[in-house]
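Structural features, examined
Here is what each chain is made of, one letter per residue.
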Amino acid sequence: PSRRSVSQNKLVERCERLQLQSAAIARHVDEVLPAKDQGVLSAASAARELVIQRLLFVGKACENEEQRLLERVHAEEERAHQSILTQQVHWTEALHKLGALRTYLVDMITNLDDQDLLTPPNTINHFLLKQLLFSLARTEVAEGILEPQESLKLNFNQTCVQSPLLHRLWACAMLCCLTGSQEIHIDEKTLSPHLSLSEDKRTLTFSPKKAKVDSDCPEQFDHWPNALATSPFQSGVCAWKVSVEQSCAYKLGVCYSSVPRKGSANEGRLGFNAASWVFSRYDKEFRFLHAGQPQPVELIKAPAEIGVLLDFSGGELLFYDPASCTILFSHREAFLEPVYPVFAVAHQSISLVP
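The sections below set out a description of the structure shown in this document. Every value quoted in this text rests on a predicted model; they were computed, and no experiment measured them. (Residues numbered from 1 in each chain as written. Predicted model: local features only at pLDDT ≥ 70, side-chain atom pairs only at ≥ 80, totals over all residues. Heavy atoms only, no water.)

1. Some details on helix α3 (residues 164-177)
Its 14 residues place the ends of α3 20 Å apart at the C-alpha level, agreeing with the 20 Å of an ideal helix rising 1.5 Å per residue. Elements in contact with the buried residues of α3: β4 (237-243), β9 (305-311), β10 (316-321) and β11 (326-332). (Helix = DSSP H or I, 4+ residues; strand = E, 2+ residues; numbered from the N terminus. Expected span 1.5 Å × (residues − 1). Contact = heavy atoms within 4.5 Å.)

Here it is as C-alpha cells:
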C-alpha cells in the first residue's frame, strides 16, 4: 500500500481510539461520577448518623452515670449528717448528765463539811454514810460515759464517687485536650553522676561510669540515677509524655522536693520512700512504687511512650499509653505540697516528648 494509505489508516485508528476514549469519558461523567457523588452523600449521611447515635449513647450513659453518682453523693451526705446529729444528741445528753452530777457532788461535799461540824467525834452518822455511798454509786454513771473518739462514720466517704466509666471518660478527655511537655525541662543541678543531659534538657542518657560528684550541690542525686524537673506543680491538671522505647530500665512519676538525694541507701531509690510515686520498668517487669510498696502492672507489650497525668487538686496520678489512650495505672493521693516530675534511667536513654 502507498504511504498515503498507511497514514490514512493510522488516522482512522486514532479517530476510533479518540472516539472510544471520548465515549469512556462521557460515560464516566454521566454515570460513574454521579453514582460516586451519590455514594459520597450516602456515606456522609451514614457517618453523620453514626456520630450522632454514638454521641447520643455516650451522652445518655453520662446522664445516667451523673444521676447515679449524684444520688450516691446525696445518700452519703445524708448518712454522714445523720451520724453527726446522733452524736450531737448523745454527747449533749452526756454533758447534761455530767453537769448535773458535778453539781450534786459539789452540794454533797459542802453538806458533808457542814455535817462534820455538827457531828460529835467518833460518832457514826448513818444518814451521811448512806448519802456518801449513794453519791459514789452515782459517779459510776460518769465512768460509763467514754471520751469522744474520732470515727470514720462522721466523715464524708469520697469513694461514693468512684466510677470506672467516669474515670475513663475523664482521663480520655483530659488526654485528648492536654498535649506534650512544653513546660517541662530537666534540672541539670539534680542530675545523678550516672546520667548525662542533652542540650535541650529533654533527654537523659545512662552511663555505668560515674561522673564526678559535686559535693557542694545539695540538689544533686549523688548515687541513684535520678533527676528532677526544673519546676513543680501545685494546682490544676497537667500532663507530660516520655519516650521510653530505647530503655528497659526506667522510672517516671512525681516526688516532693524532700525526696532523699544523698547516699546509696535504699531510701534514696525512687518509689522506696514516702516522698515519691513512680511507674517503674525493669526488663519485662512493670510496677507502681510508693513508700517501698510495689504494685505489679500487667502489660501485654511494652509501650513506646508513657504519659503522666497529674490532677493535683483532685488527688490523682495516672500513667497511660498515648498510642491507645489506655490507662496503665492510676493512684489516688492527697498531695500535701508541690510535686516535681521525676525521672530515673538505668539503661540507655529516655526523652521528654514535646
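2. Description of the side chain of Asn226
Assignment of secondary structure puts Asn226 in strand β3 (residues 226-228). By relative accessible area, which is 2% here, Asn226 ends up buried. (Buried < 20%, exposed > 50% of the residue type's maximum accessible area, 1.4 Å probe, protein only.)

3. Regarding the pattern of salt bridges
All chains considered together, the criterion is met by five salt bridges. For Arg68, the salt bridge identified is with Glu65, shortest N-O distance 2.8 Å. Placement of both Arg68 and Glu65 in helix α1 (residues 3-118) is noted, with a separation of three residues, approximately one turn of the helix. The partly exposed category is assigned to Arg68, whose relative accessible area is 34%. Between Arg332 and Glu316 there is a salt bridge, and its shortest N-O distance comes to 3.8 Å. Of this pair, Arg332 sits in strand β11 while Glu316 sits in strand β10, and the two are 16 residues apart along the sequence. Judged by its relative accessible area of 5%, Glu316 is buried. (Salt bridge = Lys/Arg side-chain N within 4 Å of Asp/Glu carboxyl O.)

4. A word on the nonpolar core
Within the largest apolar cluster, 48 residues are counted, with the highest numbers of intra-cluster contacts made by Leu204, Trp240 and Phe343. Counting residues per element, this core draws most heavily on strand β12 (residues 340-345), at five residues. With eight residues, the next largest nonpolar core counts Ala171, Leu309, Leu318 and Ile327 among its residues. (Core = buried A, V, L, I, M, F, W, Y, C linked by side-chain atoms within 4.5 Å.)

5. Describing the sheet that holds strand β8 (residues 295-296)
Overall, antiparallel pairing links the six strands, which are arranged β3-β12-β5-β6-β7-β8 in an open sheet. The two strands at the open ends of the sheet, each matched to only one other strand, are β3 and β8. (Pairing = 2+ DSSP bridges.)

6. Some thoughts on the environment of Ser349
Relative to the helices and strands, Ser349 is located in strand β13 (residues 349-353). Sequence spacing of Ser349 and Ala249 is 100 residues, and the spatial spacing of their C-alpha atoms is 9.2 Å. Leaving out residues up to four positions away in the same chain, Ser349 has contacts with Thr203, Leu204, Thr205, Gln246 and Ser247.

7. Let's talk about unusual backbone geometry
Even without a glycine there, the phi angle at Ala291 is positive, about 55°. Relative to the helices and strands, Ala291 resides in the loop between β7 (285-290) and β8. Classification of Ala291 by relative accessible area gives partly exposed; the value is 36%. Positive phi is not limited to glycine here, since Gln348 has a value of about 55°. Considering the arrangement of structural elements, one finds Gln348 in the loop between β12 and β13. A relative accessible area of 42% places Gln348 in the partly exposed class.

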